[in-house]
Every structure is written in C-alpha cells, then in structure tokens.
Amino acid sequence: DNVVKRIKATGFSNLVKLEALPTGHLIEYFANHQKLVVVDELKDQSERISTKGDLHTVLNQLKQFQTAIALPLLVKNNVIGVLLIGEKLSGDIFSRQDLDVLELIGNQTALSIEKAQFYEEDKLKSEFISIASHELLTPTAAIEGYLSMALDKKMTQTASQHLQYIQRAYDSSRRLADLVKDLLSISRIESGRIKIVSVPLDVVAILDQAVGELQATAKAKDLNLAFIKPTNI
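Since the structure is predicted, the reported quantities are computational estimates derived from the model, not experimental observations.

Caption draft 1: Fine view of the overall build of the protein. Secondary structure assignment for the protein yields seven helices and three strands. When the elements of the protein are put in sequence order from the N terminus, they spell out α-β-α-α-β-β-α-α-α-α. Look at the contacts in the protein between residues 6 or more apart in sequence, and 56% of them connect residues 24 or more apart. Accessible area of the protein: about 17,300 Å², with a carbon and sulfur share of 56%.

Caption draft 2: Just helix 1 (residues 25-32), in detail. For helix 1, the full list of buried residues reads Leu26, Ile27, Tyr29 and Phe30. Seen from one end, helix 1 has its buried residues packed into an arc of 160 degrees, which puts them on one side.

Caption draft 3: How the structure looks around the packing of aromatic side chains. Counting across every chain of the model gives two aromatic pairs. Centre to centre, the rings of Tyr29 and Phe30 are 5.4 Å apart; their planes meet at 90 degrees, and the pair counts as edge-to-face. Residue Phe30 is classed as buried on the basis of its relative accessible area of 0%. Positioned above the aromatic ring of Phe94 is the side chain of Lys88, whose terminal nitrogen or guanidinium carbon lies 5.4 Å from the ring centre.

Caption draft 4: The pattern of salt bridges, seen in detail. Summed over all chains, the structure comprises five salt bridges. As a salt-bridge pair, Lys88 and Asp98 come within 2.6 Å of each other at their nearest N and O atoms. Separated by 10 residues along the polypeptide, Lys88 in the loop between strand 3 (78-85) and helix 4 (96-151) and Asp98 in helix 4 bring together distant segments of the chain. Assessed through its relative accessible area of 28%, Lys88 is described here as partly exposed. Assessed through its relative accessible area of 23%, Asp98 is described here as partly exposed. Note that Lys229 and Asp208 form a salt bridge whose closest N and O atoms lie 3.8 Å from each other. Pair noted here: Lys229 is in the segment after helix 7 (203-220) and Asp208 is in helix 7, with a separation of 21 residues, a long-range link. Note on Lys229: relative accessible area 46%, which makes it partly exposed.

Caption draft 5: Structural context of a negative patch on the surface. On the surface, Asp40, Glu41, Asp44, Glu47 and Glu87 cluster together into a patch of negative charge. Here Glu87 is to be found in the loop between strand 3 and helix 4.

Caption draft 6: View of helix 7. The terminal C-alpha atoms of helix 7, which comprises 18 residues, lie 27 Å apart, in line with the 26 Å expected from a rise of 1.5 Å per residue. Residue Leu214 marks the point of greatest curvature in helix 7, where the axis turns by about 35 degrees. Listing the buried residues of helix 7 in full gives Val211, Gly212, Glu213, Ala216 and Ala218. Capping the start of helix 7, Asp202 holds a side-chain oxygen 3.2 Å from the backbone nitrogen of Val204, two or three residues further along. Positive backbone phi, at 60 degrees, marks Asp222, one or two positions downstream of helix 7.

Caption draft 7: Structural detail: the sheet that holds strand 2 (residues 69-75). Read from one edge of the open sheet, three strands run 1-2-3, paired in antiparallel fashion. The sheet terminates laterally at strand 1 (37-38) and strand 3, the two strands that pair on one side only. Across seven bridges, the pairing between strand 2 and strand 3 is antiparallel. Each residue of the ladder has a partner; that of Leu73, found in strand 3, is Gly81. Helix-sheet contacts for helix 1 involve strand 1, strand 2 and strand 3, and the interaxial angle to strand 3 is about 115 degrees.

Quick notes on the rules
- Residues numbered from 1 in each chain as written.
- Predicted model: local features only at pLDDT ≥ 70, side-chain atom pairs only at ≥ 80, totals over all residues.
- Heavy atoms only, no water.
- Helix = DSSP H or I, 4+ residues; strand = E, 2+ residues; numbered from the N terminus.
- Contact = heavy atoms within 4.5 Å.
- Areas by Shrake-Rupley, 256 points an atom, 1.4 Å probe, with all protein chains shown as cover.
- Buried < 20%, exposed > 50% of the residue type's maximum accessible area, 1.4 Å probe, protein only.
- Arc of directions from axis to C-beta.
- Phe/Tyr/Trp six-rings, centres within 6.5 Å; stacked < 30°, edge-to-face > 60°.
- Lys NZ or Arg CZ within 6 Å of the ring centre and 35° of its normal.
- Salt bridge = Lys/Arg side-chain N within 4 Å of Asp/Glu carboxyl O.
- Patch = residues over 30% accessible without salt bridge, like charges linked within 9 Å, V, L, I, M, F, W, Y side chains within 5 Å.
- Lys, Arg positive; Asp, Glu negative; His and termini not counted.
- Charge placed at Lys NZ, Arg CZ, Asp CG, Glu CD.
- Expected span 1.5 Å × (residues − 1).
- Bend = angle between axes of the 7 residues up to and from the residue.
- Polar contact = N/O pair within 3.5 Å; in protein donor to acceptor, adjacent residues only side chain to side chain.
- Pairing = 2+ DSSP bridges.
- Axes fitted to C-alpha atoms, helices over the stretch in contact; angles between N-to-C directions.

The structure is reproduced here in structure tokens:
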C-alpha cells in the first residue's frame, strides 16, 4: 500500500498545497513508473497519445505543486516518497548532468530514510525487550517465593496456606507463559499478521494480581504489602 506519512516543504508557505491522497493518481503513477520525470517531457508525451486519463490528472497535480522535476524515492523497488523540484530560479532548463545529480540525491535520500526507519524499529524492539524482561522478572520471583514458602519446613503452615501458595505460584506461571507468548509474537507483529484490538480491562483485578505476585518478595523482606481496592467503582 502506498501511504503518504510526511510532507516536507521548502519554499511553500502552506502545506495544504502539497497534500496528495495516498491512493491518488500521482502516488499510483510513481508506484508504476519508478523513474525520474521531467514535467515538460511528460506534457509532450500526453499530447501524443489519444487517451490521457490518469496521465492528465497527474500533470494537473504536478502543475499544482509547481513541479519541474519529479523523482520517486525507492527502497527495494518500493516507492516510499516523491521528491518534487520546482523550476530553476535562473530560468535555465535542467541539463543531463543536473538530472544525474538529482537521481543521486534521490537514491541517497531514500537510503537515509530507510536507515532512519531501521533505527526507529531497532529502538522500539530494544524498548519492548527491556519492558518485557522487567515484566518477566515479577512472575518469576513470585513463583520462586511462593514455592519456597510452601516448601519451608520451618514455617508453621496450615493446609489452606499451602494451597494458597501453590495457587499463587500457578497463577504467576500462567502469566509468565502469556508474557513468553507475547515475546514469540514479535515476528508476527512485524509482518502484519497480528491485528491488535483494544478491549476493556479490569484494572482492579490486574493490580490485585500484581500485588499478589509481590507478596512473597515483600514477606521475605519483612515488609507489609496491601492493596486497598476502591469502593466507588
């Protein structure tokens, strides 16, 4: 899909002048014709063919943008942007050398954008892994804590306490399994095979579970940890 994400204007006071629909004729044209376009040459081409159609619309848009040269930005044969260049201030025409330089600039610009995208993706991955790793520690510590209390022969415990510790450890192991599944889903998220759907959650239940997982750690450090549930919900 061709999507216009950002517009950079130099010499335009109003960005609205540069608006182009992601599915419009201009973007689709460069997706199909992945090469530099000299607008005057495109005009001559449109006059030589009987069916103008989309090409006429493309020319109108390029005229609206005051374009002399249009250059698609390509990454692995995919159009990620379009560089629009106006007439020279001197009024001179663009030479073959000028066009070669512009194509080189277009290639370097596309490469820079691709590198920036990789950097953003790597940064997001690092942040995700950091958060996920921190989240994994909580249920892991809870499992270890509750099982150690259940196995501690020095502690005077009733059967119900044993059952409570084991239940807490089991609940934490389930949450740990869910977190691991989330980590394994990274590749599917990146390939677009997972659709994220927002659903309402019971925040009180989530907080109650989190506090319960930390109870073993708190008790080992002789700390009292309690969650006072709100009464006005």
